[in-house]
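Take a look at the letters that make up each chain.
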Amino acid sequence: PSRSAVVLSALMLLTQKVTSVSLDVHEGTITLQPGRGVLQRALPLCSYLLFFPALLGGPLCSFRRFRAQIEFPLASHRLLGTAGWRCLCALALQALRMALQGRLATVWGCTGLGCVSSVWAQALLFKLAYYSQWMLDEALLEAAGLGPEEGQGDLSGSDLWALESTNRVSVFARTWNKSTSRWLRRLIFERCPAWPLLATFAFSAWWHGLQAGQLFGFLCWAIMVEADYRIHPFLRARVASRGAEILYYGATWLFTQLIISYVLVAVETESFSELHRLWASCSSILPVSYSLALLLLLARRAKQS
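Below is a short write-up of the structure. Per chain, the residues get numbers from 1 upward, laid out in the order the sequence is written. Whole-chain, interface and lining totals are the exception, using all residues; otherwise, since this is a predicted model, local features are given only for residues with pLDDT of at least 70 and side-chain atom pairs are given and counted only at 80 or more. Side-chain calculation: all heavy atoms of the structure are included, whereas hydrogens and water are not.

**Side note on the pattern of salt bridges**
Inference 1: Criterion for a salt bridge: a side-chain nitrogen of Lys or Arg within 4 Å of a carboxyl oxygen of Asp or Glu. Scanning the entire structure with this criterion turns up 11 salt bridges.
Inference 2: Among the salt bridges present, the one from Lys 127 reaches Glu 164, with a minimum N-O distance of 3.3 Å. Of this pair, Lys 127 sits in helix 6 (residues 114-143) while Glu 164 sits in helix 7 (residues 157-165); the two residues are 37 residues apart in sequence, bridging distant segments of the chain.
Inference 3: Among the residues examined, Lys 127 registers a relative accessible area of 4% and is labelled buried.
Inference 4: The partner of Arg 242 in a salt bridge is Glu 245, and the shortest N-O contact between them spans 3.6 Å. Starting at the N terminus, helices and strands are each numbered in turn, a helix being any DSSP run of H or I of at least four residues and a strand any DSSP run of E of at least two. When a residue's accessible area, from a 1.4 Å probe over protein chains only, is under 20% of the maximum for its type it is buried; when over 50% it is exposed; and in between it is partly exposed.

**A look at the layout of surface pockets**
Inference 1: Volume-wise, the largest pocket comes out at about 1,500 Å³.
Inference 2: Every residue lining the largest pocket is counted, 49 residues in all, and those nearest its centre are Met 12, Tyr 130, Asn 177, Trp 207 and His 208.
Inference 3: Those elements that place two or more of their residues in the lining of the largest pocket are helix 1 (2-27), helix 6, helix 8 (169-175), helix 9 (178-189), helix 10 (196-208), helix 11 (212-236) and helix 12 (242-268).
Inference 4: With eight residues, the top contributor of residues to the lining of the largest pocket is helix 9. Buried and open spaces are told apart on a 1 Å grid over the protein atoms alone, a cavity being a set of points where a 1.4 Å probe fits but cannot get out and a pocket being an open set with protein on both sides within 12 Å along at least five of seven lines. Residues with an atom within 4 Å of a point are the lining residues. Grid points are joined across faces, edges and corners, and a volume is the space filled by probe spheres set on the points.

**As for the packing of aromatic side chains**
Inference 1: Classification of ring pairs rests on two measures: the distance between centres of Phe, Tyr or Trp rings, Trp counted by its six-membered ring, which must be within 6.5 Å, and the angle between planes, read as stacked under 30 degrees, edge-to-face over 60 and tilted in between. Per the stated rule, a full pass over the model turns up 16 aromatic pairs.
Inference 2: Pairing Tyr 130 with Trp 176 gives two aromatic rings, centres 5.2 Å apart and planes at 75°, and the pair type is edge-to-face. With Tyr 130 in helix 6 and Trp 176 in the loop between helix 8 and helix 9, the pair connects residues that are 46 residues apart, well separated along the chain.
Inference 3: Classification of Trp 176 by relative accessible area gives buried; the value is 9%.
Inference 4: Aromatic rings pair up to connect Tyr 130, Tyr 131, Trp 134, Phe 172 and Trp 176 into one cluster.
Inference 5: The criterion for a charge sitting over a ring is simple: Lys NZ or Arg CZ within 6 Å of the ring centre, and within 35 degrees of the ring normal. Lying across the ring of Phe 234, Arg 238 places its NZ or CZ 3.8 Å from the centre.

**Quick notes on the nonpolar core**
Inference 1: If you look at the biggest cluster of nonpolar residues, it comprises 44 residues, and the most contacted ones within it are Tyr 131, Trp 176, Phe 201 and Trp 221.
Inference 2: Listed by contribution, the elements that provide at least two residues to this core are helix 5 (76-104), helix 6, helix 8, helix 10, helix 11, helix 12, helix 13 (272-279) and helix 14 (285-304).
Inference 3: No other element matches helix 6, which puts nine residues into this core.
Inference 4: Note on definitions: a residue-residue contact is assigned when non-hydrogen atoms from the two residues lie within 4.5 Å. Setting aside residues no more than four positions away along its own chain, Trp 176 makes contact with Lys 127, Tyr 130, Tyr 131, Trp 134, Leu 163, Ser 181, Trp 221 and Leu 264.
Inference 5: Grouped together as the second largest cluster of nonpolar side chains are 19 residues, Cys 61, Phe 63, Ile 188 and Trp 207 included. Among buried residues, those of type Ala, Val, Leu, Ile, Met, Phe, Trp, Tyr and Cys that are joined through side-chain atoms within 4.5 Å constitute a nonpolar core.

Nothing here speaks to function; it is geometry throughout.
In structure tokens form, the structure reads like this:
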């Protein structure tokens, strides 16, 4: 199973690279240099597609960035220092995850309102695992001499703070797995003539494997992002005091964390019975409430127009 997961991950990242280069060629941002021989043109492209550190976990690096760093490499001591720092951060995140795993095991269980804390605990462990893995992936790229551009990787200190402090589901969606989010925006969202948000999340579910949990989780995420776009302007217009603003931010931050926890657990769920148990639990109250609020706001907008 672990070997199959590595192969699947490599194929997913290879798909990202192929489509990214295709879009670059289509948009004219890179040229294939027709004056050179076939081998001379093919070698840089094959090197980019098969560069194994980037196939082990990402993040996605553009062909232009890859070629520029190969032709003009950065100082090795700078790259190794950054890679070492990222490894320390990954180790700290993994240690935190191991420390919390035993403590949070006491809140696991799906009975009544206790299901909400159980889903939150499971999602927290999933997030820490993702964060540490992304740190290691970027450390590997740094050590190989191909560090990401400033703000272009999958996770930095500012990204980690944004993910855990934001009160917007849409901001979390843009910041989570950032290079993949930009790739999906470029490939699907900006090119889809109708329902681009739903199409983007549906494509992401298909790209990840189209299992029941992934399909349900990504489609639920799409609805939550759309609701987020509608609910926040409606609430912000009614915030008239500092106390109300603090209450607004605190409540929406809590709602965002619980919704994201619900989505992450759904995406990681592998069996249909576990997914049904999640849907039937009290944790579904908040996503259902957001969905109803979205319908009411859409109906209100249609009535006003």
